[in-house]
Amino acid sequence: MVERRKDSDIRPFMNKHRPVVSVVIVNFNAGPLLSRAVQSVLSSSIAVEIFVSDNGSTDGSLLSLRGLAGTDARLQIIENRRNLGFARANNIALKLAQGEYILLLNPDAVIKADTLARMLETFATCPETGMAGCLLRNPDGTEQIGCRRSIPTPWRSLVRVLRLGKLSPGHPLFRNFLLNKEPMPEKPIFLEAISGAFMLVRREALEQVGLMDEGYFLHCEDLDWCMRFRQAGWQILFVPHVEVTHYKGTCSKNRPIWVMFHMHCGMTRLYRKFFQRQYSWPLMLLIIAAVWTRFLLLAVRMFIEIKWKKINKSVNATRDQVSLKPTAAAKLIKSRSINPNTDLTIDDHVLGISDREAKRPYSHLPFQE
């Protein structure tokens, strides 16, 4: 058990010489939501500093942010020029952070003015807490999957993928590592893991555990951190009465297969790093094979879905080029409901008429005076 400093009161709230909370936001093409996230933090009721570590965004999100809050001394923008990955981009800002507490916040998450103050009040009552998360809600108000969870061990992942929980619902052996189906606790509780979209960390714990593992490019670095915090003797707290809205997937929606690939790379690294000694090498080899088989199946499905959406979009765009079918247009012209010289717009190429017919406006329509 590690020794704790005896400063679990709210004295850090009164420190005027440095910010109470340093907020680190890693951005990669988060669009307008980045500015919303930063503005929500700047509106906090406690002293903050914000580091936006940008991984080479090209969507203009940094330009918009500078226009809205670029003159605020509490905001520092770090331009990494290229995508360094989530862990490395966080670490660059973590080395600069001066706060007693550090919050890792996703660029598509919006907090309230009292969010940080309420989280720190809970921290003050639990000196053994090294990291805390809150209830993440989707824009529709539902609980977001992953904001409270257990560590996805190889066995738990296998149970979820193969849906073994249906064999014996409620049995601890087949319990899902995602806890969103469990009853919401009435008070803060300790969990194995929380979401990296909102991670509030005590500086003392960070200094003992160390920075994020940069061997992860995207996904699972938060789980790795949770594992290391608990191994060092710190507890991870879930605070259900503090809520944050998270517009999940904003930065990854344009490259789903790429994101899925790095997610499975992260799971492979997590298993090898923490569970290799607990499983025999044939079983570990089987688990790793299952991980990449799952990726291939998901990638094929995503590829088909993406292609199908493009086909549907193209078909719909083609249909929109024709305001009326030829037969319908002919009936309207014959009934004098429209003037063919001014009121009708038809793409001759879409209708498949010849250039010669095109020189005689509407001669191809099936009607006669």
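Refer to the structure printed above.
Calculation rules
- Residues numbered from 1 in each chain as written.
- Predicted model: local features only at pLDDT ≥ 70, side-chain atom pairs only at ≥ 80, totals over all residues.
- Heavy atoms only, no water.
- Phe/Tyr/Trp six-rings, centres within 6.5 Å; stacked < 30°, edge-to-face > 60°.
- Helix = DSSP H or I, 4+ residues; strand = E, 2+ residues; numbered from the N terminus.
- Buried < 20%, exposed > 50% of the residue type's maximum accessible area, 1.4 Å probe, protein only.
- Axes fitted to C-alpha atoms, helices over the stretch in contact; angles between N-to-C directions.
- Left-handed = near helix turned anticlockwise from the far one by under 90°.
- Contact = heavy atoms within 4.5 Å.
- Pairing = 2+ DSSP bridges.
- Salt bridge = Lys/Arg side-chain N within 4 Å of Asp/Glu carboxyl O.
- Patch = residues over 30% accessible without salt bridge, like charges linked within 9 Å, V, L, I, M, F, W, Y side chains within 5 Å.
- Areas by Shrake-Rupley, 256 points an atom, 1.4 Å probe, with all protein chains shown as cover.

Draft legend 1. Quick peek at the packing of aromatic side chains. Per the counting criterion, the structure on display carries 7 aromatic pairs. Residues Tyr101 and Phe123 carry aromatic rings whose centres are separated by 5.1 Å and whose planes lie at 55 degrees to one another, so their mutual orientation is tilted. A residue pair is termed long-range when its members are at least 10 positions apart, and Tyr101 in strand 4 (residues 101-105) and Phe123 in helix 4 (residues 115-125) qualify at 22 residues. Of the two residues, Tyr101 and Phe123, both sit in the buried class. Ring centres of Phe261 and Trp292 lie 5.7 Å apart, and the angle between their planes is 50 degrees; on these two criteria the pair is classed as tilted. With Phe261 in helix 8 (residues 256-274) and Trp292 in helix 9 (residues 281-320), this residue pair connects regions lying 31 residues apart in the sequence.

Draft legend 2. Spatial organisation of the packing of helix 1 (residues 32-42) against helix 2 (residues 61-69). Close contact between helix 1 and helix 2 brings their axes to 9 Å; oriented N to C, the two are set at 35 degrees. Handedness of the helix 1/helix 2 crossing: right-handed. Facing Leu34, Ser35, Val38, Gln39 and Leu42 of helix 1, the residues of helix 2 in contact are Ser61, Leu62, Ser64, Leu65, Leu68 and Ala69.

Draft legend 3. Spatial organisation of the pairing of strand 4. Most of strand 4 sits inside the fold, with 5 of its 5 residues counted as buried. Along strand 4, one buried face is formed by Tyr101, Leu103 and Leu105 and the opposite face, lined by Ile102 and Leu104, is buried too. Two strands pair when backbone bridges link them, and strand 1 (residues 21-27) and strand 4 are joined in this way by 4 bridges, in the parallel orientation. If you follow Val24 over to strand 4, its bridge partner there is Leu104. The pairing of strand 4 with strand 10 (residues 198-202) spans 5 bridges and is classified as antiparallel. Bridging across to strand 10, Leu105 finds its partner in Phe198.

Draft legend 4. Local environment of the pattern of salt bridges. The final tally for this structure, using the stated rule, is 14 salt bridges. Glu79 is the salt-bridge partner of Arg66, the closest N and O atoms lying 2.6 Å from each other. With a gap of 13 residues between them, Arg66 in helix 2 and Glu79 in strand 3 (residues 75-79) connect regions that are remote in the sequence. For Asp224, the salt bridge goes to Lys273, with nearest N and O atoms at 2.8 Å. With Asp224 in helix 7 (residues 221-231) and Lys273 in helix 8, this pair connects stretches of sequence that are 49 residues apart. By relative accessible area, Asp224 is classed as buried at 0%. You can call Lys273 partly exposed: its relative accessible area is 39%. Residues participating in the shared-partner salt-bridge network are Asp213, Asp224, Arg228, Arg269 and Lys273.

Draft legend 5. Geometry of a nonpolar patch on the surface. On the surface, a cluster of nonpolar side chains totalling about 430 Å² of accessible area is made up of Trp155, Leu158, Val161, Leu162 and Leu173. In this structure, Val161 sits in helix 5 (residues 154-162).

Everything listed here is a matter of coordinates, which is why it stays silent on function.
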